[in-house]
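Coordinates in review
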Amino acid sequence: MTVTVRTIALTELSASSTLEVHPELASTNAMFHERFVDKHEQFAPFYAIATTSQTAGKGRLDREWIAPPGCTLALSVYAEFPASAAQRAMGWVSLSAGLALREVLASRIDANHIGIKWPNDVQLDGAKVAGILGELLGIVDGGRAFACVIGIGVNTGIPEDQLPTEQATSLQLKGVAVDPLDLAPELIRAIARRLTALADADGDADASGLRDELLRHCSTIGADVAVTLADGTALRGRAIGADALGRLEVRDGQDQLHSVSVGDIEHVRPAEADVRSAEGDSRPAEAEDEQ
């Protein structure tokens, strides 16, 4: 199968990116893992791999992500952070990509319909239109920098009868007709701007402007939530913000503040949250997200 290679101008950064487009791949993130980890291939920042037919993709917590051929954009973008910035920056990688996608979609659909559900979903009117998976690849130049890959899957043209869940949607179903690959250059540029600002700020989400942007556009913040933690225990309360590491801050019914780094988030109605809170104890969320 023919692989095409395009150069994407990152005008605001006075740089460029390379985009590989494959007719079909098992997984764009997995290809980066294979080439970086197994074959020791080196990549320039914001090198990207894309396909419109991904046959063995995965989301967070190793969930399967497969879609009908030609109906989605699967895009993975390579990024690096200086060692001094990596610890603070990694929690913001997926969040940055969500904010970047929101910007791209806002040029095609009323921004009031677009929400970011912490930590890795982009929604249209509350239904999932895209998912994001950030993963650590390893170290560069003996520890000078840490490398990661950000995988984004966007439902562009999936018809209603082929949606993966009842909570999903596609751009086509919202009246937006778009070639999946037309989104890729804009999305790469938007990601590059945010991650460059984060690296230049030594991983400081406040100095880079990322935390302020997230607080303005994340639909989870301010919502009553039910959180299922990695070990299966439940946390219920109101999401009130995101901390310096990108963790969701949830205040429970006992007025205790919890910093959640990984968990399944469900937005619930206040009355529903009160009922659920009476059914079980909450506990601090300490598990780290496997980005």
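The present account deals with the structure reproduced in this document.

Moving on to the sheet that holds strand 8 (residues 121–124). Across the sheet, which stays open at both edges, the 8 strands sit in the order 1-2-3-6-10-9-8-7 with mixed pairing between neighbours. Unpaired on one side and paired on the other, strand 1 (4–10) and strand 7 (114–117) mark the two borders of the sheet. For this sheet the average axis-to-axis angle between neighbouring strands, irrespective of direction, equals 20°. Packed onto the sheet, helix 3 (residues 93–105) meets strand 6 (72–82), strand 7, strand 8, strand 9 (127–140) and strand 10 (145–155) and runs at close to 135° relative to strand 9. Contacts from helix 4 (residues 180–200) reach strand 1, strand 2 (15–22), strand 3 (48–51), strand 6 and strand 10 within the one sheet, and its direction differs from that of strand 6 by about 20°.

Turning next to the nonpolar core. Burial of nonpolar side chains together is a common tendency in soluble globular proteins. Of all hydrophobic cores here, the largest spans 66 residues; its most connected members are Leu19, Leu75, Phe81, Ile150, Ile152 and Leu171. Per element, the largest residue contribution to this core is 10 residues, and it comes from helix 4. Setting aside its immediate chain neighbours within four residues, Ile152 contacts Leu73, Ala74, Leu75, Ala97, Leu101, Gly131, Ile132, Leu187 and Ile191. Core analysis: the next-biggest nonpolar cluster, separate from the first, contains 13 residues, Phe32, Phe36, Tyr78 and Leu137 among them.

Next up on the list: the pairing of strand 3. Covered by surrounding structure in strand 3 are Ala48 and Ala50 together with Ile49 and Thr51, the residues of both alternating faces. In the sheet, strand 2 pairs with strand 3 via 4 bridges, with the strands oriented parallel. The residue of strand 3 that forms the bridge with Leu19 is Ala48. The sheet contact formed by strand 3 and strand 6 spans 4 bridges and is antiparallel. In the sheet register, Ala48 faces strand 6, and the bridge partner there is Val77.

Analysis parameters
Residues numbered from 1 in each chain as written. Predicted model: local features only at pLDDT ≥ 70, side-chain atom pairs only at ≥ 80, totals over all residues. Heavy atoms only, no water. Pairing = 2+ DSSP bridges. Helix = DSSP H or I, 4+ residues; strand = E, 2+ residues; numbered from the N terminus. Axes fitted to C-alpha atoms, helices over the stretch in contact; angles between N-to-C directions. Contact = heavy atoms within 4.5 Å. Core = buried A, V, L, I, M, F, W, Y, C linked by side-chain atoms within 4.5 Å. Buried < 20%, exposed > 50% of the residue type's maximum accessible area, 1.4 Å probe, protein only.

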